[in-house]
Each structure stands twice: as C-alpha cells, then as structure tokens.
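Each chain is listed here by its residues.
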Amino acid sequence: MNLSRKDIEAFHADGAIALRGVVNAEWRQILADAIEADIANPGPFYHGYEPEDGRGRFHGNLRTWEFHEGFRRFCFESPLPRMAAEILGCSRINLLYDQLFVKEPGTVNRTRWHNDQPYWPVDGYQILSFWVALDPTTAETGAVEFVRGSHRWGRFFQPEVFGRTVTDDYERNPDYETVPDIESARDDYDIFSFDLEPGDAYAFHALVLHGAGGNVSEQVRRRGYTARYLGDDATYSSRPGTNKGLRNSLLRDGDRLDSEQYPLVWEG
Ligand SMILES: O=C(O)CCC(=O)C(=O)O
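Every value quoted in this text rests on a predicted model; they were computed, and no experiment measured them.

Peer 1: For this particular structure, what's the right way to read the site of the ligand?
Peer 2: Inspection of the region around the ligand gives F101, T111, D116, S129, W131, G142, V144, H210, A212, G224 and T226 as its neighbouring residues. Elements represented by at least two residues in the shell around the ligand include exactly β6 (127-133), β10 (210-212) and β11 (222-230).

So this is what it looks like as structure tokens:
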C-alpha cells in the first residue's frame, strides 16, 4: 500500500491517522496465533490485570517479538517498517519494541491518558507506533482516542503504572509534568478517534496524548498489537522516568539505536 500525501500531512499535523486494510489476512492470522501463544505463556514483561469486579481481563505485554517468531516476522517483514519510513521521511528504521493490548469482553477499565515518549529511552522526533486491530475497534470495544496536535506541544508527561499487578512505580523526572485530567474536561480538548476494522491500524506519534475506552461489549474481544519504530533522528537517552524494561545498558546517551534490542529493520 502506498500512503497518500494527505495521510502523511495529517500524521504530522494531528499526531495520529487511521490506515485502512494495511495488514492482510495472512499476517492477521500470524498475529492472532502469536497472541494466543503469548496469553498461554507470557514472557517476563507481562503487565496484565484482572479487573476488581471479576469481569473481563486485560493482557498487556512488551517485547513479545523476542519470544514469538510470528511477532518477530511481522515487525521485520510486514509492510509496516517501510510505511514508517514513508510517514517519517526516513532512510532507516529501527524497531523500538512491540506491545500487546488485549481487552477481553467486559474489561471496562480505560487506558489512562498519556503520551509514550516519556516512557521510552529515546530522544528525537521521528518516532511512531502502529496499533493494529485484530477485531472491530469502536467506542464500545475500546477505540484509541487522541488529542489533536498534542505531539507538537513538546510536553513530556510523567509515566504512571497501567496494570494493577505492576507494583514498582516509575521514577519521577523533575522535567516531566503531571498529565492533565483530560477525562474530566473532555470538552476543553480537541479529542478525535477512528473506528477500525480488522487489518486497519492507527499510526501515531510518540508524543501525542492518547488513551482508550474500556471494552464494554459482552462478546467482542479487542486485540490491539503495536509495533513502535524509530527513524533517522532517534538516539538513546537515559532520562529518569522511562520504563526499565525498555532500557539498554550497552548504549550511551546520544548513541544511534542499532543493537540487538532495537534492530535495524528497514533501509531505503
Ligand atoms: O490499546 C490501548 O488501550 C492503549 C494503546 C496505547 O496506549 C499505545 O499503543 O501506546
């Protein structure tokens, strides 16, 4: 699929776009199989929870490509790395990591509002995520919402723990701000979202504020799979406040990301 100039302009202006039909049925099956394998046997970065009311279940996990061949192939060989290069205007693309967000039917908890880059040990502008839908993703099942243009505010919001089972808090970074209470003042923000069909994806910038509804459907799962990619200007940063599971002790501040953990996946 070739991206239109309009898509690329909208990404840079708004911070997020929806891409239609970018993951074909064959890749979706590979992802779906890998998701079930991960749910059955999650690796060390699992961060899911069972809601207190006993309904639903959230399966979250990081760096799953390192444990499942299907995810690895998808991150390296699917059309996504090339699309990342097109959107970011880059000649090289590295994989930062991948992540699973499975909200089973009845998982009513929202994903809190946040932006991603404060969690990540990387500096630079050319950084994005694709969030691939494996199920119909709507306001009812937990579509991701974005605050238009917020990636251009240049603001880093303090990371907070998502899943209830994670007990270690994030280090406080004095340069980070507390994320505003967007949910209580939704009308004050230009919030936008897209419904997705299986095979569609959001592409969004690392600094755009986003959150997601719970999955209040009784039948429909909401399996979201993200691949996060880095472009030419991304460098390593040991900023406090980042996710310890995403850091790399072999890199120094300002280094290019090429490494076993953040492999080069595309070169144009
Ligand atoms: O799927 C969700 O609930 C949230 C996704 C998200 O925050 C992300 O991909 O960065």
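On we go.
Peer 1: Looking at this structure, I do not really get the nonpolar core. What am I missing?
Peer 2: Judged by nonpolar contacts, the single largest core of 65 residues is most densely connected at A84, L128, V132, A201, A203 and L230. The element that contributes the greatest number of residues to this core is strand β3 (residues 92-103), accounting for seven residues. In contact with A201, other than residues within four places in its own chain, are L19, V22, V23, F130, W131, V132 and A133.

Peer 1: Which parts of the structure should I look at to understand the sheet that holds strand β7 (residues 144-147)?
Peer 2: Strands belonging to one sheet form pairs held by backbone hydrogen bonds; the direction of such a pair is parallel or antiparallel. What the four strands build is an open sheet, ordered β4-β10-β7-β8; its pairing is antiparallel. Only two strands of the sheet have a single partner each, and these edge strands are β4 (111-114) and β8 (191-193). Strand-to-strand twist across the sheet, computed as the mean angle between neighbouring axes with direction ignored, equals 25 degrees.

Peer 1: Explain the packing of helix α2 (residues 25-40) against helix α3 (residues 69-77) to me, please; I cannot follow it from the model alone.
Peer 2: A pair of packed helices is captured by two measures, namely the crossing angle of their axes and the spacing between those axes. The interhelical angle for the contact between α2 and α3, taken along N-to-C directions, is 140 degrees, at an axis separation of 8 Å. Taken together, the axes of α2 and α3 are oblique relative to one another. Considering how the two elements wind past one another, α2 and α3 form a crossing that is left-handed. In this structure, α2 contributes W27, I30, L31, D33 and A34 to the contact, and α3 contributes G70, F71, R73 and F74.

Peer 1: Looking at this structure, I do not really get α2. What am I missing?
Peer 2: What sets the pattern is the α-helix's 3.6 residues per turn: residues three or four places apart point alike. Taking 1.5 Å per residue, 16 residues should reach 22 Å; α2 reaches 23 Å between its end C-alpha atoms and fits that length. Here α2 has its buried residues at L31, A34, I35 and D38. Relative to the axis of α2, the buried residues are bounded by an arc of 110 degrees and lie together on one face. Turned more than 90 degrees off the buried face of α2, the exposed positions are A25, E26, Q29, E36 and A40. On its buried face, α2 is in contact with β2 (58-62), α3, β3, β6 and β11.

Peer 1: Quick question: what am I supposed to make of the pairing of strand β9 (residues 201-205) here?
Peer 2: A regular strand places its side chains so that they alternate between the two faces of the sheet. By the criterion of burial, β9 is predominantly enclosed, with five of the five residues buried. Burial along β9 is two-sided: the residues A201, A203 and H205 and Y202 and F204 are all buried. Strand direction decides the pairing type here: strand β1 (residues 16-19) and β9, joined by four bridges, are antiparallel. Residue I17 lies in a different strand from β9, and its bridge partner there is A203. With five bridges joining them, β6 and β9 adopt antiparallel strand pairing. Paired with V132 across the strands is A201, a residue of β9.

Basis of the calculations
Residues numbered from 1 in each chain as written. Predicted model: local features only at pLDDT ≥ 70, side-chain atom pairs only at ≥ 80, totals over all residues. Near = placed C-beta within 6 Å. Helix = DSSP H or I, 4+ residues; strand = E, 2+ residues; numbered from the N terminus. Core = buried A, V, L, I, M, F, W, Y, C linked by C-beta atoms within 7 Å. Buried ≥ 20, exposed ≤ 12 C-beta atoms within 10 Å, placed from the backbone. Contact = placed C-beta atoms within 7 Å. Pairing = 2+ DSSP bridges. Axes fitted to C-alpha atoms, helices over the stretch in contact; angles between N-to-C directions. Parallel < 35°, antiparallel > 145°, perpendicular 65-115°, else oblique. Left-handed = near helix turned anticlockwise from the far one by under 90°. Expected span 1.5 Å × (residues − 1). Arc of directions from axis to C-beta.

Function-wise, these values are silent; they only describe arrangement.
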